[in-house]
Structures are given as structure tokens and as C-alpha cells.
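# Architecture at a glance
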Amino acid sequence: MIFALTRRVRTDTPRVESVWLDVRKWTGLRGTFHPFIEVDCQVPEPRPVSGDEWQEWATAQLHAVASRERWQAGRYAYTAERRDEDGRSFEELTRGQWDFRT
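Residues numbered from 1 in each chain as written. Predicted model: local features only at pLDDT ≥ 70, side-chain atom pairs only at ≥ 80, totals over all residues. Heavy atoms only, no water.

### What about the pairing of strand E5 (residues 89–100)?
Strand direction decides the pairing type here: strand E4 (residues 74–83) and E5, joined by 10 bridges, are antiparallel. The residue bridging Tyr76 from the neighbouring strand is Trp98, located in E5. The turn joining E4 and E5, which pair antiparallel and follow one another in sequence, is formed by five residues; a positive phi near 85° is taken by Gly87. (Pairing = 2+ DSSP bridges. Helix = DSSP H or I, 4+ residues; strand = E, 2+ residues; numbered from the N terminus.)

Below is the structure:
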């Protein structure tokens, strides 16, 4: 699997409002995180109000995508953000690291 390329994945059909998960994969040989994937997710209802709630939601989304797409076990860093129509981030909701175990 090549980690230097970023691709986009939708979790379901297009919608009016999305939250993007910008995911980076830890590579031990380089000792840093590298771009891995961007995941377009539907805004949850009810909308999380705290950073902890956003982190719980984000890791649940990541686990679902990682299991479905058979990601390698390892450490991932993520940022949950809202983006404008041009794909630029305008609101960071949370960020963190997540260990995926198959």
C-alpha cells in the first residue's frame, strides 16, 4: 500500500453538509505521519457538542471505513473538519490519533 497518495472516500450518498476526516498513516521507516485518505462523512444527528463527542464519532467512522477497506493495522492521525465548496477547511472539529487493530 502506498501512503504518499491521498484518495477520497464517501461513506454514503452525497449530501448537503459533510464532515471530512483527513487521515494520515504512521510510517515507521520514516518516523512520521504521511497523507493517506480523506473520508467524506454525513454530519451526525444529533450533532456532537464537545471535542470528546467528536472524537468518539470520528473514531467510529474511521473504524467502519478501515474494516470495510481492510486497512493495515497501525497508527493513524486524523482531523475532523468542515470544508467549503472549494475543499478548503474552515472549521476544525477535533483531531487525534487512533490505533487500528484488525
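From this point, the discussion proceeds with the structure in view.
### Some remarks on unusual backbone geometry
Across the junction of Glu45 and Pro46, the peptide omega takes the value -5°, indicating a cis bond. Not every positive phi belongs to a glycine, and Arg70 is a case in point at roughly 55°. Here Arg70 is to be found in the loop between helix H1 (51–69) and E4.

### Some thoughts on the nonpolar core
Ranked by internal contacts, the top residues of the largest apolar core, which has 21 residues, are Leu21, Val23, Trp71 and Trp98. Elements with a contribution of two residues or more to this core: strand E2 (18–27), strand E3 (32–42), H1, E4 and E5. Sorting elements by how many residues they give to this core places H1 first, with six residues. Ignoring any residue separated from it by four or fewer positions in sequence, one finds Leu21 in contact with Ile37, Glu38, Val39, Cys41, Trp57, Ala58, Gln61, Leu62, Thr79 and Ala80. (Core = buried A, V, L, I, M, F, W, Y, C linked by side-chain atoms within 4.5 Å. Buried < 20%, exposed > 50% of the residue type's maximum accessible area, 1.4 Å probe, protein only. Contact = heavy atoms within 4.5 Å.)

### Quick look at the pattern of salt bridges
This model, assessed by the stated rule, comprises eight salt bridges. For Glu69, the salt bridge is made with Arg68, and the minimal N-O distance between the two is 3.9 Å. A relative accessible area of 26% places Glu69 in the partly exposed class. A residue is classified by how much of its surface remains accessible, and Arg68, at 49% relative accessible area, is partly exposed. (Salt bridge = Lys/Arg side-chain N within 4 Å of Asp/Glu carboxyl O.)

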